[in-house]
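# Per-entry structural report
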Amino acid sequence: MRNFSSRISGFHKQSLDQRIDTVADLTGLDGTAAAHLRDTGNLPPETAERMIENVIGTMTVPIGVATNMIVDGRDVLVPMATEESSVVAAVCNAARQCRDSDGFVTSTSGALMIAQIQLLDIGDPETARIRILERRDDIQAICDDMDPVLIRLGGGFRDLEVRVLETRSGPMVITHIVVDVRDAMGANAVNSMAEALAPHIAEWTGGRTCLRILSNLADRRLARARAEWTPEAIGGESVRDGMVEAFHFADADPYRAATHNKGIMNGVSAVVLATGNDTRAVEAGAHAFAARTGRYRSLTRWEVTNDGNLAGVLELPMAVGLVGGATKVHPTPKICLDIMGAETAEALARIIAAIGLAQNFSALKALATTGIQKGHMALHAQNIAMMAGAEGTEVDTVAKALVDRGQVRIDVAEEELARLRGN
Ligand code: NAD
């Protein structure tokens, strides 16, 4: 058991090198581990230091490119950053199987983000609500004054909603400002507006304002994708029908829906991360949206068309940007956006929705037919081989032996590695 104090005075003021030394001294890291941390790969250390606090290294995740994608009639290559095997392959397979039916068609509801202002200690909440709504023009001016750049780009305040909420702390009056954030994710943009507006709301109503923050349930910023697969392209009508039944299961049962939607987010979050966007914001929005009816349900819907094709649709909040946050600071997102040819946040949101739908198609198809493990096994076997200590060409040899034996297990990998090394 190590014994040290995690209260490290001035740690945040140390240089990256000094911090690595400090952590190595305290935790007993050897020179090899410290050298590993010092190699920050394609994220320059000075950039990493500007992104977050107390930096001691970087975490490199592979970027794979999804091929075969047609989005709104255009062939696109989509970079996906993920640590999970089979995610990229699943998208490639789904996209290949709907190329003959023109790929994915997408749309969006616009780039509107919501920020909330909490008003408390209010005896006449219904009157306060109307008083706030009466100030719409003032509110627009206060919000728009905060972000001249956004206004110049055609964004800014768009709408006002005020709700009375019954809570355990008594009634609260919750103001929503709805803001067009153009090509930004928009968190800082709308948070600044909400903070500027709050004192005025307190003054107009005689109440006390407290929280001022965006809502990640970005249901005014939806991205949608739809696609069709012919029965011939996917292995017949029984596969199609099994996939629809699999969707019905997910839509009826939160235990299944959680995993179903996690699969969708395998694709979505990989593109969100590759473009330097906030994965947690998009994930929070997606899961809250999935529960909007009061029960947690599937984010996709699947049905059989009049022509007998399998049709899938996905609709989810998509708060992603091309500016702000890490998108312009980290060097990799720009390259990923260039590969995709996404010149607006809306174009990016559309591609991400298509990727989410493709991912869900492959998961449902695998689950309704051979099961999920078959497709996973080849790459999973390589991971197991590496866990067992295989290096270089040994990885493929051991992985193949595991798959051939139908036993992708660490003990079997160790046995195969020992045999290979002649022990
Ligand atoms: P930001 O404030 O860095 O950039 C947005 C600003 O850039 C706009 O307000 C505008 O002034 C300017 N801009 C320049 N060109 C623009 C264009 N083409 N379109 C729109 N704006 C343009 O970033 P942001 O997008 O407001 O905030 C994103 C960051 O906020 C992310 O890092 C996110 O992780 C973080 N964040 C998230 C949450 C949350 O999700 N709950 C909360 C706080 C912060």
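Definitions and cut-offs
Residues numbered from 1 in each chain as written. Predicted model: local features only at pLDDT ≥ 70, side-chain atom pairs only at ≥ 80, totals over all residues. Heavy atoms only, no water. Pairing = 2+ DSSP bridges. Helix = DSSP H or I, 4+ residues; strand = E, 2+ residues; numbered from the N terminus. Near = heavy atom within 4 Å. Polar contact = N/O pair within 3.5 Å; in protein donor to acceptor, adjacent residues only side chain to side chain. Areas by Shrake-Rupley, 256 points an atom, 1.4 Å probe, with all protein chains shown as cover. Axes fitted to C-alpha atoms, helices over the stretch in contact; angles between N-to-C directions. Core = buried A, V, L, I, M, F, W, Y, C linked by side-chain atoms within 4.5 Å. Buried < 20%, exposed > 50% of the residue type's maximum accessible area, 1.4 Å probe, protein only. Contact = heavy atoms within 4.5 Å. Disulfide = S-S within 2.5 Å. Domains from an automatic or database assignment. Parallel < 35°, antiparallel > 145°, perpendicular 65-115°, else oblique. Nonpolar A, V, L, I, M, F, W, Y, C, P; charged D, E, K, R; others polar. Salt bridge = Lys/Arg side-chain N within 4 Å of Asp/Glu carboxyl O.

## Quick word on the pairing of strand E1 (residues 63–71)
Consecutive residues of a regular strand have side chains that alternate between opposite faces of the sheet. As judged from the seven bridges shared by E1 and strand E2 (residues 74–81), these two strands associate in the antiparallel manner. Bridging from a neighbouring strand, Ala66 pairs with Val78 of E2. What sits between E1 and E2 in their antiparallel hairpin is a turn of two residues, with Asp72 showing a positive phi close to 50 degrees.

## Some words on the site of the ligand
Taken together, 21 residues are adjacent to the ligand, and Asp147, Gly186, Asn188, Asn216 and Asp278 come closest. The separation between an oxygen atom of the ligand and a polar side-chain atom of Asp147 is 2.4 Å. In this structure, an oxygen atom belonging to the ligand sits 2.9 Å away from a side-chain N or O atom of Asn216. Within the complex, 71% of the 860 Å² of free accessible area of the ligand lies under protein. For the shell around the ligand, the secondary structure elements donating two or more residues are helix H7 (148–152) and helix H8 (187–205). Top contributing element to the shell around the ligand by residue count: H8, with four residues.

## A look at the sheet that holds strand E4 (residues 112–120)
Read across the sheet, four strands follow the order E5-E6-E4-E7 without closing on themselves; strand pairing throughout is antiparallel. Single-partner strands in this sheet number two, and they are strand E5 (156–167) and strand E7 (208–214). Strand-to-strand, the axes of this sheet are offset by a mean angle of 20 degrees, without reference to chain direction. Looking at chain direction, E5 and strand E6 (residues 170–180) are connected through 11 bridges and run antiparallel. Across the sheet, residue Val164 finds its bridge partner in E6, namely Val173.

## Details of the sheet that holds strand E3 (residues 105–108)
Pairing within the open sheet is antiparallel, and its four strands lie in the order E3-E8-E10-E9. Across the chains shown, the open sheet's two edge strands, defined by having one partner strand only, are E3 and strand E9 (300–304). Here the strands of the sheet are splayed against their neighbours by 15 degrees on average, with no regard to which way each runs. Relative to strand E10 (residues 310–317), E9 runs antiparallel, the two sharing five bridges. When the bridges of E10 are listed, Thr300 appears paired with Leu314.

## Here we look at the nonpolar core
Counting residues in hydrophobic clusters, the biggest one holds 59 residues, and the most contacted among them are Met69, Phe104 and Trp229. Per-element tally for this core: the top contributor is helix H14 (residues 345–368), with 11 residues. Dropping the residues within four chain positions of it, Trp229 is found in contact with Ala94, Gln97, Cys98, Ser101, Phe104, Ile234, Trp302, Asn309, Leu310, Gly312, Leu357 and Phe361. Within the second largest apolar cluster, 32 residues are counted, among which are Ile117, Val179, Val181 and Ala189.

## Points about the state of the cysteines
Applying the stated criterion across every chain, the model contains zero disulfides. As a non-bridged cysteine, Cys143 has Cys210 as the owner of its nearest cysteine sulfur, 18 Å distant.

## Thoughts on the domain arrangement of the protein
With domains assigned, the protein is organised as domain 1 (11–51), domain 2 (63–108 + 221–369), domain 3 (112–214) and domain 4 (375–420). Its C-alpha centre places domain 3 at a distance of 57 Å from the equivalent point of domain 4.

## Things to note about the packing of helix H10 (residues 237–252) against helix H11 (residues 254–274)
It is the contact of H10 with H11, at a shortest axis distance of 6 Å, that shows an interaxial angle of 115 degrees. When the interaxial angle is binned, H10 and H11 end up roughly perpendicular. Contacts between H10 and H11 involve Phe249, Ala250 and Ala252 from the former and Pro254, Arg256, Ala257 and His260 from the latter. Partitioning the contact of H10 with H11 into residue classes produces five nonpolar, one polar and one charged.

## A closer look at the pattern of salt bridges
In the structure shown here, the tally under the stated rule is 28 salt bridges. In this structure, the salt-bridge partner of Asp138 is Arg135, at a minimum N-O distance of 3.2 Å. Its salt-bridge partner being Glu315, residue Arg224 comes within 2.8 Å of it at the nearest N-O pair. Taken together, the residues span a long stretch of sequence, with Arg224 in strand E8 (residues 222–229) and Glu315 in strand E10 at a distance of 91 residues. Owing to a relative accessible area of 27%, Arg224 belongs among the partly exposed residues under this scheme. Relative accessible area serves as the criterion here: at 27%, Glu315 is assigned to the partly exposed category. Linked through salt bridges whose partners overlap, the residues forming this network are Arg136, Asp159, Glu161 and Arg220.

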